[in-house]
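Examination of the molecular architecture
Below, each chain spelled out in residue letters.
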Amino acid sequence: MSLSHLLLGLAATALLLAPRLGWAAEPLLLEEINIRGDQQSAIEESLTMREVRESPARDIGEALQQLGGINIVRKGAIANDIVLRGFQRDNINVTIDDVRINGACPARMDPPAFHFDFAEVESVEVIKGPYDITSPGGIGGSVKAVSKRPGPGFGSDLNLTYGSFDMTNLSATAAYGSDAYDVLAGYAYKYSLSPRSGDGKRQTEVANYRPAAIDSRAYEMNTGWLKLGVNSGAHLRSELGYTYQDADHVLYPYLKMDADYDRTHRLNWNLKGHDLSGRVKEVEFKTYWDKVDHVMDDRLRTSSLAKPKYYMMQTDAKTETAGASLGARIAAGPGMVKTGIDLYRRNWDAVNERAMYTMATPYTPVNMIPDVDIVNVGLYAGYDWPLAANITLRGGLRGDVASVKAGTANVLTSSRGNDRDFSALGGNLQLQWKPSDPLEIFVGLARGVRIPDPEELYIHLPGAPTWSGDPDLDPTVNHQLDLGVKYATGRWFASASLFYSRLTDYINFTQLSPTTKGYENVDATIYGSELSGQVALPADLFLRAAYSCSWGDNRDSDEPLAEMPPHKGLLALRYDNGTWFVEAAENLAARQDRVDPALLEEETPAWATTDLKAGATLGQWSLYAGINNLFDRQYTTHLSYQRDPFALGSKVPEPGRNLYVTLNWNY
Ligand SMILES: [Cu+2]
């Protein structure tokens, strides 16, 4: 294999060069340990772009997997959906610069994180639990990506990754910043063939692909973005951003169809005033608009053979979201008030056509998601109260009203009415106490509410089985308790957290009748813990360990909740002198035998994989190379097959041994 020779050559060069480069640089890792130790509370975790750059992750979901409590739904080579502490879909908020961007696909081919490229992103912050009062929903937590912002002067970043299965990630950004204004432009290209798993077969071989499609590209994506910043005086800043993304030919062996294309526009404008007076620390107005066009069909599958059209089935789906918010931070008494108002409107429409529906008129269009509008308005206020030098109490409340209305008819809207109104009240109380300097204790109590989404309310797709929403669903309410302990010195930190979520009217996907699958409100609990630690050992060695688990119980049926990830762990040893590093990591997941019998879920065996990587930085250049799944294990994760009516029944295996090399130039 030429690629492995290339990697060996690069690693040898790095090893030879390293001693000449000196040991002066303070490891970036120590800084990260300090940030994790000092600045993050027990319910927060963040992913830095250093970690993304070193990894062969194809998307934000895959990159976030290394954090405690995060798993992904594997549907193919890309577009992995984020699962946070066992919560997924609308139970978590995934945003970029606080922009809500929804997927258009009713089968979640394009989850929110699919729509922003990580070359756009500077960092990703994860808040575990319903502690973010600044936006609606998010009862399981929030994943908040923050986009890159230009620094002073000219800056540029070029990144080239090439790996097994012809995986190619190219990105380039160029920026210029002065006191008065700044501008940033970026472009990213991603391409890959379908990965081969440990048995040497492509992921496409587990599904019903036509022979010619097995070796076709797994995805091809182009993303371009532009960001303009204008500073008026010392206290006012305005930012305008626009991103266009075109994803083509994205394969989903998890499902019965593939995406022909996803076209996404995202536009946002922010105006921020800071230190406006002694009391008013910050006032910010944000507004955004985004739109996704998604078309999927089964033209690459054997199901489309000998049909009147080039497909047996096709879904044309569109979603459009617009929102605005006004928020302020005001000093009051010993602490700080945070308050604001926000609103968004989302439209979602999906039309499905199938050859044999109906026999009299083949390809009769079905209003699968009947042009549904949601309008949500919310208000929030919170207070950060430093009770003493080492104790902070934070509290906040949030209220929302929402109305949902279907614009076209299907079986559900015609028989049971086509609009609903909702109201929601949430809030939280967080105590952060440092009894002694390295030790910190966290106690959090929170209530979060999220309304049912248009799919859960109104989807209707006749078939075997029929996929059916329920227009009478109630919002899910989460009452959660969090306990955390953290011990952090400059050179190491350890953190342990426990959470317990009591969920009323949890929206559960299940078999509703022998012929119908759909959604029901049930009472449920999800609870679990995360443990993590990072230690700077002598001789520039670093050890990192992480463990996380979550259990889900359906209290109505006394059975486990579906799609709960098993216990997982990570152990990594790294040598890093600030100039070059080598790292070995072991990823572990336990067997999952807690399965939902109502959906005929299957158990998943335990697995372990080994990853190796190395990298070096010389001036403006960095070079990284690695091998993931070194021993070419054949395995699937528990979240690798669809329980939905669009289930193909195939489990999508994880990639087998794969190599990658990344060259980065940063100026
Ligand atoms: Cu789709």
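This structure is a prediction, so every number in the text was calculated from the model and none was measured.

The rules we used
Residues numbered from 1 in each chain as written. Predicted model: local features only at pLDDT ≥ 70, side-chain atom pairs only at ≥ 80, totals over all residues. Heavy atoms only, no water. Helix = DSSP H or I, 4+ residues; strand = E, 2+ residues; numbered from the N terminus. Rg over C-alpha atoms; globule rule 2.2 N^0.38 Å. Buried < 20%, exposed > 50% of the residue type's maximum accessible area, 1.4 Å probe, protein only. Contact = heavy atoms within 4.5 Å. Phe/Tyr/Trp six-rings, centres within 6.5 Å; stacked < 30°, edge-to-face > 60°. Lys NZ or Arg CZ within 6 Å of the ring centre and 35° of its normal. Donors = N, O, S within 2.8 Å, 3.2 Å for Na, K, Ca; no water. Tetrahedral: all angles 85-135°; square planar, octahedral: opposite > 155°, others 65-115°. Salt bridge = Lys/Arg side-chain N within 4 Å of Asp/Glu carboxyl O. Pairing = 2+ DSSP bridges.

Describing the overall build of the protein chain
- Broken down by element type, the protein chain carries seven helices and 32 strands.
- Here the protein chain has a C-alpha radius of gyration of 25 Å; the compact-globule value for 667 residues is 26 Å, and the two agree.
- For the protein chain, the spread of C-alpha atoms along the three principal axes comes to 75 × 65 × 50 Å.
- The burial tally for the protein chain puts 56% of its 667 residues in the buried class.
- Sequence separation of 24 or more characterises 66% of the internal contacts of the protein chain that already satisfy a separation of 6 or more.

A few points about the packing of aromatic side chains
- According to the stated counting rule, one finds 16 aromatic pairs in the structure shown.
- Ring plane angle 75° and centroid distance 6.3 Å describe the contact between Y131 and F442, whose orientation is recorded as edge-to-face. With Y131 in the loop between β6 (121-128) and β7 (141-147) and F442 in strand β20 (residues 439-450), this pair connects stretches of sequence that are 311 residues apart. No difference in accessibility class separates Y131 from F442, as the two residues are buried.
- In this structure, K190 packs its charged tip against the face of F118, placed 4.8 Å from the ring centre.

Section: the coordination of the copper ion
- Binding of the copper ion to the protein goes through C105 (SG), M109 (SD), H294 (NE2) and M296 (SD), at separations of 2.1 to 2.5 Å.
- Around the copper ion sit four donor atoms, and with donor-metal-donor angles ranging over 97 to 124° the site reads as tetrahedral.
- Counting the intervening residues between successive donors of the copper ion yields the motif C-x3-M-x184-H-x1-M. The pair H294 / M296 is uniform in exposure class, with both members buried.

Digging into the pattern of salt bridges
- Within this structure, the stated rule accounts for 43 salt bridges.
- Where K291 meets D293, a salt bridge forms, and the shortest distance between an N and an O atom there is 3.7 Å.
- Taking the relative accessible area as the measure of exposure, K291 reaches 26% and is therefore partly exposed.
- With a shortest N-O distance of 2.5 Å, R594 and D553 are connected by a salt bridge. Here R594, found in the loop between β29 (580-589) and β30 (607-618), pairs with D553, found in strand β26 (residues 541-554); they are 41 residues apart in sequence, far enough to count as distant.
- Its relative accessible area of 23% is what places R594 among the partly exposed residues.
- Overall, the relative accessible area of 18% leaves D553 in the buried class.
- A single network of salt bridges, built from pairs that share partners, joins E45, R85, K128, D482 and E530.

Regarding the pairing of strand β18 (residues 391-406)
- Judged from the 16 bridges that link them, strand β17 (residues 366-388) and β18 form a sheet pairing that is antiparallel. Across the sheet, residue A388 finds its bridge partner in β18, namely I391.

Observations regarding the environment of P565
- With respect to the helices and strands, P565 occurs in the loop between β27 (559-560) and β28 (568-576).
- If near-sequence neighbours (up to four positions away) are discounted, P565 is found in contact with N71, V83, G86, S550, Q592 and L639.

Thoughts on unusual backbone geometry
- The residue after Y357, namely T358, is reached through a cis peptide bond having omega 0°.
- A464 connects to P465 through a cis peptide bond whose omega is 0°.
- Along the chain, the position of P465 falls in the loop between β21 (460-461) and β22 (466-468).
- Notably, D97 is not glycine yet its phi reads approximately 50°, a positive angle.
- Structurally, the position occupied by D97 is in the loop between β4 (92-96) and β5 (99-100).
- Despite not being glycine, A306 shows a phi value in the positive range, around 55°.
- Following the sequence through the fold, A306 ends up in the loop between β14 (280-297) and β15 (313-332).
- A306 sits in the exposed class, given a relative accessible area of 84%.

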